[in-house]
Amino acid sequence: MSSRRHGIAGDLRHQITTGRIKAGERLPSEADLARQYMVSTPTLRSALAVLEREGLVEKIHGKGNFVRRPLRKITYVGGRGSLDPATAADAALRVTVRRTAIRAHGHLTSLLRVPSGSPLTEYFCLSHEGDSPHSLARIYVPRDLTPTVALGDGSACERMVMGFAVLNPPPVEVRETVHARLPTPDEASTLRTSSAVAVLAITRVAADSTGRVIEAAHLVFPGDRVDAVFITHHVINERRTQG
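Just so you know, these numbers come straight off a predicted model, no measurement behind them.

A.B. asks: Whenever I open this one, the overall build of the protein chain confuses me. Can you help?
C.D. replies: Across its full length, the protein chain carries seven helices and eleven strands. Relative to its 243 residues, the protein chain shows a buried fraction of 44%. Pairs at least 24 apart in sequence give 62% of the contacts found in the protein chain among residues at least 6 apart. A total accessible area of about 13,500 Å² is found for the protein chain, and carbon and sulfur atoms account for 53% of it.

Have a look at this one:
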């Protein structure tokens with residue numbers, strides 16, 4: 001079974017990489033492919049799973065298996081906690097936002113430094129390149145700081161795209177914690193990525209001049225869709241002595 005699986009995967013991989021099957025094209029049904037390769041449906045699905053893990057094929061529920069369109073890489077700029085404008089523009093990202101009123105619980109209490117049960121607003125942001133999901137974010141803001149501007153406002157949406165951020169003006173301090181890990185099942189499903197491909201997970205906490213946490217965010221980027229750049233500015237204090 002293993003040799004048949006890898007043989008089928010190899011043949012389909014060759015057709016994809018040579019352009020015989022083009023990006024975005026729907027593959028024949030699993031039943032038709034199984035008949036074509038004279039194997040059982042489970043063996044055929046196992047071969048397709050190999051290509052899914054490699055990022056060549058994506059399975060869209062209710063529609064079938066498609067050759068995955070390569071998504072453009074964007075650059076996340078650490079310290080600013082935002083996307084590089086040029087790469088975000090190149091990818092032509094658009095963001096959909098869902099806002100929900102929640103209460104602080106679990107890790108959110110320590111992340112935002114608020115008592116359990118404190119009122120928060122959660123923004124679930126999903127960016128798309130064309131019809132394909134690109135990255136996601138969950139942003140949490142204390143309820144009293146929730147912006148009154150409508151989400152459909154052009155400037156607000158532009159800030160969402162560039163920084164996955166809600167508040168304006170920007171905070172005084174931003175702390176980012178970066179992890180490379182495998183996606184959760186929900187993340188893999190939402191982003192239509194393989195559960196075997198690592199994601200870059202960034203937890204960003206923003207504070208004002210008093211030290212109050214005004215916004216916290218969990219950002220998730222599939223590893224093949226982002227580069228992260230962190231820039232450090234060194235400040236040199238010069239002491240002048242008077243004679």
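Let us keep going from here.
A.B. asks: Honestly, the pairing of strand β6 (residues 119-129) in this entry has me stumped. Any pointers?
C.D. replies: Regular strands place their side chains on alternate faces of the sheet. The element β6 is extensively covered by neighbouring structure, given that ten of its eleven residues are classed as buried. Note: strand β5 (residues 93-103) against β6, eleven bridges, orientation antiparallel. Following the sheet pairing, R98 is matched in β6 by F124. Here β6 runs beside strand β7 (residues 132-142); their pairing, made up of ten bridges, is antiparallel. Its bridge partner lying in β7, L126 is registered against L136. In textbook terms, the turn of a hairpin is the stretch between consecutive antiparallel strands, and for β6 and β7 this stretch comprises two residues, one of which, G130, has a positive phi near 65 degrees.

A.B. asks: Can you walk me through the sheet that holds strand β9 (residues 199-207) in this structure?
C.D. replies: As a general point, the strands of a sheet are linked pairwise by backbone hydrogen bonds and lie either parallel or antiparallel. The sheet built from six strands is open, its strands ordered β5-β6-β7-β10-β9-β8 with antiparallel pairing. Edge strands, defined here as strands with exactly one partner in the open sheet, are β5 and β8 (173-181). Mean inter-strand twist for the sheet, computed between neighbouring axes without regard to direction, equals 15 degrees.

A.B. asks: Would you explain the confidence of the model for the protein chain in this entry?
C.D. replies: Low pLDDT means the predicted coordinates in that region are not meant to be read closely. Per-chain confidence: the protein chain averages 85 in pLDDT, with 89% of residues scoring 70 or above. Across the protein chain, element-level confidence peaks in helix α5 (residues 107-112) with a mean pLDDT of 96 and bottoms out in helix α6 (residues 154-163) with 60.

A.B. asks: Would you explain the sheet that holds strand β4 (residues 82-83) in this entry?
C.D. replies: Taken in spatial order, the three strands make up an open sheet running β4-β3-β11, and their pairing is mixed. A single partner strand is all that each edge strand has here, and the edge strands are β4 and β11 (226-230). Bridge analysis of strand β3 (residues 74-78) against β4 gives two bridges, and the strand direction is antiparallel. Bridge pairing in β4 links V77 to S82.

A.B. asks: Just checking my understanding: could you explain helix α2 (residues 30-37) for this structure?
C.D. replies: Those residues of α2 not exposed but buried are E30, L33, A34 and Y37. The buried side chains of α2 occupy one side of the element, clustering within an arc of 100 degrees when seen end-on. At its buried positions, α2 is contacted by α1 (2-17), α3 (41-53), β1 (57-60) and β2 (64-67). M38 sits one or two residues past α2 and shows a positive phi near 55 degrees.

A.B. asks: Honestly, empty space enclosed by the protein in this entry has me stumped. Any pointers?
C.D. replies: Left-over empty space is what a probe sized like a water molecule reveals as it rolls over the atoms. Enumeration over the complete set of coordinates arrives at two cavities of 30 Å³ or more. Forming the boundary of the second largest cavity are E58, R68, R69, L71, S132, P133, L191, R192 and R225. Grouping the constituent residues of the lining of the second largest cavity by class yields three nonpolar, one polar and five charged.

A.B. asks: What am I meant to see in the packing of aromatic side chains here?
C.D. replies: Geometrically, a pair of aromatic rings is defined through the distance of the ring centres and the angle of the planes. Here the structure, examined in full by the defined rule, presents one aromatic pair. Summarising the aromatic geometry, the rings of Y76 and F221 are spaced 5.8 Å apart at their centres and angled 50 degrees between planes, so their arrangement reads as tilted. Taken together, the positions of Y76 in strand β3 and F221 in strand β10 (residues 213-222) put the pair 145 residues apart, joining distant regions of the chain. By relative accessible area, F221 is classed as buried at 1%.

A.B. asks: What am I meant to see in α1 here?
C.D. replies: An α-helical turn contains 3.6 residues, so any two residues separated by three or four positions project in the same direction. Between its first and last C-alpha atoms α1 spans 22 Å; for 16 residues at 1.5 Å apiece the expected length is 22 Å, and the two agree. Of all the residues in α1, the buried ones are I8, A9, L12, Q15 and I16. Seen along its axis, α1 keeps its buried residues to an arc of 125 degrees; they face one direction. Turned more than 90 degrees off the buried face of α1, the exposed positions are S3 and T17. For α1, the secondary structure elements touched by its buried residues are α2, α3, β1 and β2. Phi turns positive, to about 90 degrees, at G19, one or two residues after α1.

The rules behind these values
- Residues numbered from 1 in each chain as written.
- Predicted model: local features only at pLDDT ≥ 70, side-chain atom pairs only at ≥ 80, totals over all residues.
- Heavy atoms only, no water.
- Helix = DSSP H or I, 4+ residues; strand = E, 2+ residues; numbered from the N terminus.
- Buried < 20%, exposed > 50% of the residue type's maximum accessible area, 1.4 Å probe, protein only.
- Contact = heavy atoms within 4.5 Å.
- Areas by Shrake-Rupley, 256 points an atom, 1.4 Å probe, with all protein chains shown as cover.
- Pairing = 2+ DSSP bridges.
- Axes fitted to C-alpha atoms, helices over the stretch in contact; angles between N-to-C directions.
- pLDDT = per-residue confidence, 0-100.
- Arc of directions from axis to C-beta.
- 1 Å grid on protein atoms, 1.4 Å probe; cavity = no way out; pocket = protein on both sides within 12 Å on 5 of 7 lines; lining within 4 Å.
- Points joined across faces, edges and corners; volume = space filled by probe spheres on them.
- Nonpolar A, V, L, I, M, F, W, Y, C, P; charged D, E, K, R; others polar.
- Phe/Tyr/Trp six-rings, centres within 6.5 Å; stacked < 30°, edge-to-face > 60°.
- Expected span 1.5 Å × (residues − 1).

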